Amino acid sequence: MSTEEATSTQGTTPMDTAEANEVEAPTINGTTENSNPDINSRVQELLDGVHGDNVEEVLNRSIAIVDSVVTVPFPANVVQAIHYLTEFLIRMGCPIRGIKIVDSLLSKYTADTNTGPSSLHSDFLQLCIAAKVLSPALKYLDKDVTTISKEEVEDVKYVLQYYYYGGCIYAALSNFPRARHFLEICLSVPSLQTTSAIQVVAFQKLTLVTILCGKTVSARSLPSVHLSIPHLCRPYTNLFQIAAEEDSERFAATIAQMTPFLEKQHNLGLAKQALEHIRQRNIAKFQSTFVSLKMSTLANHLKLPVSEVENRLRRMIMAGDISAQICKTDDVVWFKKESNELDNPAVTIESLKSCLDTCIESYQKTKGLDTASSLDPKLLARMSESESRKDAMPTSSNWDFPAHGKSKKILSILE
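Numbering of residues starts from 1 in every chain and runs along the sequence as written. Per-residue local features are limited, in this predicted model, to residues with pLDDT of at least 70; the limit for side-chain atom pairs, both in listing and counting, is 80 or more; totals at the level of whole chains, interfaces and linings are taken over all residues. Neither water nor hydrogens contribute to the side-chain values; these are computed over all heavy atoms in the structure.

## Points about the pairing of strand β2 (residues 324-327)
Side-chain alternation along β2 places Ala-324 and Ile-326 on a buried face and Gln-325 and Cys-327 on a face that remains uncovered. Direction of pairing for β2 relative to strand β3 (residues 332-335): antiparallel, over a ladder of 4 bridges. Considered in β3, the bridge of Gln-325 is made with Trp-334. Relative accessibility under 20% of the residue-type maximum defines a buried residue, over 50% an exposed one, and the middle range a partly exposed one, all with a 1.4 Å probe and only protein chains included. Labels follow the DSSP assignment, with helices taken as runs of H or I lasting at least four residues and strands as runs of E lasting at least two, numbered in each case from the N terminus. Strand pairing requires that DSSP identify at least two bridges connecting the strands.

## Description of the side chain of Thr-210
Locating Thr-210 in the fold gives a position in helix α11 (residues 197-213). Within the local environment of Thr-210, its side chain forms a polar contact with the backbone oxygen of Leu-206, the two atoms lying 2.6 Å apart. Only heavy atoms enter the contact rule, under which two residues are in contact if any of them lie within 4.5 Å. In this view, Thr-210 contacts Arg-180, Ser-221, Leu-222 and Phe-240; residues no more than four positions away in its chain are not counted. In protein, a polar contact means a hydrogen-donor-capable atom and an acceptor-capable atom, both N or O and within 3.5 Å, with residues adjacent in sequence counting only if both atoms are side-chain atoms; elsewhere, any N or O pair within 3.5 Å suffices.

## What to know about the sheet that holds β2
Through backbone hydrogen bonds, the strands of a sheet pair up, either in parallel or in antiparallel fashion. Strands sit in the order β1-β3-β2 across an open sheet of 3 strands; the sheet is antiparallel. Every other strand in the sheet has two partners, leaving β1 (292-294) and β2 as the edge strands with one partner each. With strand direction ignored, the average angle separating the axes of adjacent strands in the sheet is 20 degrees. Here an angle of 0 to 180 degrees is reported between the N-to-C directions of two axes, which are lines fitted to C-alpha atoms, with helices fitted over the stretch in contact. Each of β1 and β3 is contacted by helix α17 (residues 295-302), which is oriented at about 75 degrees to β1, the strand it contacts most. Those strands touched by helix α18 (residues 306-319) are β2 and β3, and its axis lies near 145 degrees from that of β2.

## Focus: the nonpolar core
In this text, buried Ala, Val, Leu, Ile, Met, Phe, Trp, Tyr and Cys residues form a nonpolar core when linked through side-chain atoms within 4.5 Å. Judged by nonpolar contacts, the single largest core of 82 residues is most densely connected at Leu-89, Phe-124, Leu-125, Leu-141, Tyr-164, Phe-251 and Ile-255. The element that contributes the greatest number of residues to this core is helix α9 (residues 156-172), accounting for 11 residues. Beyond its immediate chain neighbours, meaning those up to four positions away, Leu-89 contacts Val-55, Leu-59, Cys-94, Pro-95, Arg-97, Gly-98 and Leu-127.

## Side note on the environment of Arg-91
Its location among the elements puts Arg-91 in helix α5 (residues 76-92). Distance from Arg-91 to Asp-53, taken between C-alpha atoms, is 9.7 Å for residues 38 residues apart in sequence.

## Describing the packing of aromatic side chains
Note on aromatic contacts: the rings of Phe and Tyr and the six-membered ring of Trp form a pair at centre separations within 6.5 Å, being stacked when their planes are under 30 degrees apart, edge-to-face when over 60 apart, and tilted otherwise. Taken as a whole and judged by the stated rule, the model has 8 aromatic pairs. A centroid spacing of 5.3 Å and a plane angle of 55 degrees characterise the contact between Tyr-170 and Phe-182, whose relative ring orientation is tilted. With Tyr-170 in helix α9 and Phe-182 in helix α10 (residues 176-188), this pair connects stretches of sequence that are 12 residues apart. Across the pair, Phe-182 and Tyr-170 agree in class, each one buried.

## Regarding the packing of helix α4 (residues 55-68) against helix α6 (residues 99-107)
Between α4 and α6, the least distance of the axes is 10 Å, while the angle of their chain directions is 10 degrees. Compared by their axis directions, α4 and α6 come out roughly parallel. Along the contact surface, α4 presents Leu-59, Ser-62, Ile-63 and Val-66, while α6 presents Ile-101, Ser-104 and Leu-105. Charged residues are taken to be Asp, Glu, Lys and Arg, nonpolar residues to be Ala, Val, Leu, Ile, Met, Phe, Trp, Tyr, Cys and Pro, and polar residues to be all remaining types, Gly included. In terms of residue class, the contact of α4 with α6 is made up of 5 nonpolar, 2 polar and no charged. Any angle between 65 and 115 degrees counts as roughly perpendicular, while under 35 counts as roughly parallel, over 145 as roughly antiparallel, and the rest as oblique.

## Topic: the packing of helix α7 (residues 119-131) against α9
At their nearest, the axes of α7 and α9 sit 8 Å apart, and the two run at 30 degrees to each other. Considered as vectors, α7 and α9 are oriented roughly parallel to each other. You can see that α7 and α9 cross each other, and the crossing is left-handed. Touching Ser-119, His-121, Ser-122, Leu-125, Gln-126 and Ile-129 of α7 are Tyr-158, Gln-161, Tyr-162, Tyr-165, Gly-166, Cys-168 and Ile-169, all from α9. Counted by class, the contact of α7 with α9 contains 7 nonpolar, 6 polar and no charged residues. Put simply, a crossing is left-handed when the front helix is turned counterclockwise from the back one by less than a right angle, and right-handed when it is turned clockwise.

## Quick look at the pattern of salt bridges
A pair is scored as a salt bridge if a Lys or Arg side-chain nitrogen falls within 4 Å of a carboxyl oxygen belonging to Asp or Glu. Under the definition given, this model contains 13 salt bridges. In this structure, Arg-97 engages Glu-56 in a salt bridge whose closest nitrogen and oxygen atoms are separated by 2.7 Å. Taken as a pair, Arg-97 in the loop between α5 and α6 and Glu-56 in helix α4 lie far apart in primary sequence, 41 residues in all. Arg-97 gets classed as partly exposed once you look at its relative accessible area, which sits at 37%. Glu-56 sits in the partly exposed class, given a relative accessible area of 42%. Here Lys-139 makes a salt bridge to Asp-103, at a shortest N to O gap of 3.0 Å. With Lys-139 in helix α8 (residues 138-141) and Asp-103 in helix α6, this pair connects stretches of sequence that are 36 residues apart. Residue class for Lys-139 comes out partly exposed when judged on its relative accessible area of 45%. Ionic contacts of the salt-bridge type, sharing partners, join the residues Glu-276, Arg-279, Glu-308, Arg-312 and Arg-315 into one network.

Printed below as a string of structure tokens:
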């Protein structure tokens, strides 16, 4: 997935900036708990300026607002002003100028790494994608989220956007396991609507990202979602089924037919990378079966020219995907035994320490959640209700079964 395609992903969400720019800027009706008249006047000036074209004036007003805000959570009118600022900078074609402003505001948000994303995080990720500057977003995306504050996220749309944009950023950086994790979370967030448009586009990208993640693809690789979402993504589910069959020729033909459709939805780059991944997986299969193989025979199996197969083998050998050696004299590829990363003691110790730290941290979080749930009055009420229902149910000895045939003889003997 190229950075250009990641940049255009914000157009696939229901957040239509063009419609937002057509409405009039809202006015401030009163003050909030953590706001003051000075901030209110500056916010109102910013909201009046976002419908013009004076970028410098809007940026100066935004900086003044950020410098004035001290308390957390931020006043609602300040958060609203940042939403309008994000849409304004993207519309004016200079989203990179808003990254530092929103980042400085987020630095005041909280020092707790376990606090979940706010609506401002969604704006920040959108600015990073539109500006094609993805590295600043990683310091927020790399943090594990265990809670989501209801006070900071007033609409589930911003939670969906945060994880969708995060998945797009990781996919653009070729970190496909992390991209898959974020897109799966986006699909697991409960939505007030039956079908969320953000979750639909997240599922489309998830089908392609899942192909790029593992060595094997099956129907169980995709998470369980609402039935309407796969129905709306039928072309992508068909592609996923073809990828599960590992038929690279059919997959390439399907992509060629869907090229305009994939370009419109900004997924053509991911589809091409998925095709390349399937072909590489098919090449890697020969390593476990053959010791040596003619290049012409390998090309016939893959239905590709010999020169292209040789170039693919060179790239896979240089990347460490396979262990092989190409003999140009005999036009043969010699497959070697797969190298084991665990042979390196330093790598083993470091990975073991990292896994142990992760397990200990997960255990502490799970223990805390278990303690909190055991004290939840609603959960205790449900448990007591289920126990009372269980006690009220008749036991097996109380059931009156009719006796027929041999059963009568058995019952008579038992009596």
